[in-house]
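Tertiary structure, described
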Amino acid sequence: QVQLVESGGGLVQAGESLRLSCAASGRTFSSYAMGWFRQAPGKEREFVAAISASGGSTNYEDSVKGRFTISRENAENTVYLQMNVLKAEDTAVYYCAATRYYSNYRRRSDYGYWGQGTQVTVSS
């Protein structure tokens, strides 16, 4: 129903910025809340940010508050993650995902659709 493709990852130095994009192919994109998760080597996939279907509500993991911004353009079927003041500990594969229930935005199991991931590497 929903196909997600991330892009925009790359190699940057600490303190620099990067913007990730997630393009959705489904016609019901505007009905889904969207989330960004990340997974570093040897660690579990963790919640980063989420946005409601309308874009009216956003939530962030404490470690990225004030640095990352999630947004969406429903007319373009795209969700973004603007990452500023990147740190070495932000290095991970970043995934976007879609869920019908924004109330469970932190729970991986509640997201039914996932992208393939895009690598973000931050050097110090």
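Please refer to the structure higher up on the page.
In short, a report on the structure. Since we're looking at a predicted model, the values are computed, not measured. (Residues numbered from 1 in each chain as written. Predicted model: local features only at pLDDT ≥ 70, side-chain atom pairs only at ≥ 80, totals over all residues. Heavy atoms only, no water.)

To continue, consider the overall build of the protein. Scanning the protein from terminus to terminus reveals zero helices and eleven strands. From first element to last, N terminus to C terminus, the protein shows the α and β order β-β-β-β-β-β-β-β-β-β-β. Its C-alpha atoms give the protein a radius of gyration of 13 Å, near enough to 14 Å, the size a compact globule of 124 residues would have. Each of the 124 residues in the protein was classed as buried or not, and the buried ones make up 44%. Here the contacts in the protein between residues at least 6 apart in sequence split such that 59% fall between residues at least 24 apart. (Helix = DSSP H or I, 4+ residues; strand = E, 2+ residues; numbered from the N terminus. Rg over C-alpha atoms; globule rule 2.2 N^0.38 Å. Buried < 20%, exposed > 50% of the residue type's maximum accessible area, 1.4 Å probe, protein only. Contact = heavy atoms within 4.5 Å.)

Moving on, we come to the packing of aromatic side chains. Overall, the coordinates contain seven aromatic pairs when judged by the stated rule. Considering the side-chain rings of F37 and Y111, the 5.0 Å spacing of their centres and the 80° angle between planes classify their relative orientation as edge-to-face. With F37 in strand β4 (residues 33-39) and Y111 in the loop between β9 (92-99) and β10 (113-114), this pair connects stretches of sequence that are 74 residues apart. By relative accessible area, F37 is classed as buried at 0%. (Phe/Tyr/Trp six-rings, centres within 6.5 Å; stacked < 30°, edge-to-face > 60°.)

Our next topic: the side chain of S21. By the element assignment, S21 lies in strand β3 (residues 18-24). Judged by relative accessible area, which is 17%, S21 ranks as buried. When sequence neighbours within four positions are dropped, the list of residues in contact with S21 reads V5, E6, S7, W36, T78, V79 and Y80.

Per the counting criterion, the structure on display carries six salt bridges. Measuring nitrogen to oxygen at the nearest pair gives 3.0 Å for the salt bridge that ties D62 to K65. On the basis of relative accessibility, which here comes to 57%, the residue D62 falls in the exposed class. Look at K65 and you get partly exposed, because its relative accessible area is 49%. In the salt-bridge network here, residues are joined through shared partners; they are R38, E46, R67 and D90. (Salt bridge = Lys/Arg side-chain N within 4 Å of Asp/Glu carboxyl O.)

Attention shifts here to the environment of E73. Structurally, E73 is set in strand β7 (residues 68-73). For the pair formed by E73 and F29, sequence separation is 44 residues and the distance between their alpha carbons is 10.0 Å. Contact partners of E73, with chain neighbours within four places excluded, come to F29, T78 and Y80.

Our next topic: the state of the cysteines. Within this structure, the stated rule accounts for one disulfide. The residue that forms a disulfide with C22 is C96, at a sulfur-sulfur distance of 1.9 Å. Classification of the bridge connecting C22 and C96 rests on its S-S torsion, roughly 55°, and on that basis the disulfide is right-handed. Here C22, found in strand β3, pairs with C96, found in strand β9; they are 74 residues apart in sequence, far enough to count as distant. The two residues C22 and C96 agree in class, both being buried. (Disulfide = S-S within 2.5 Å.)

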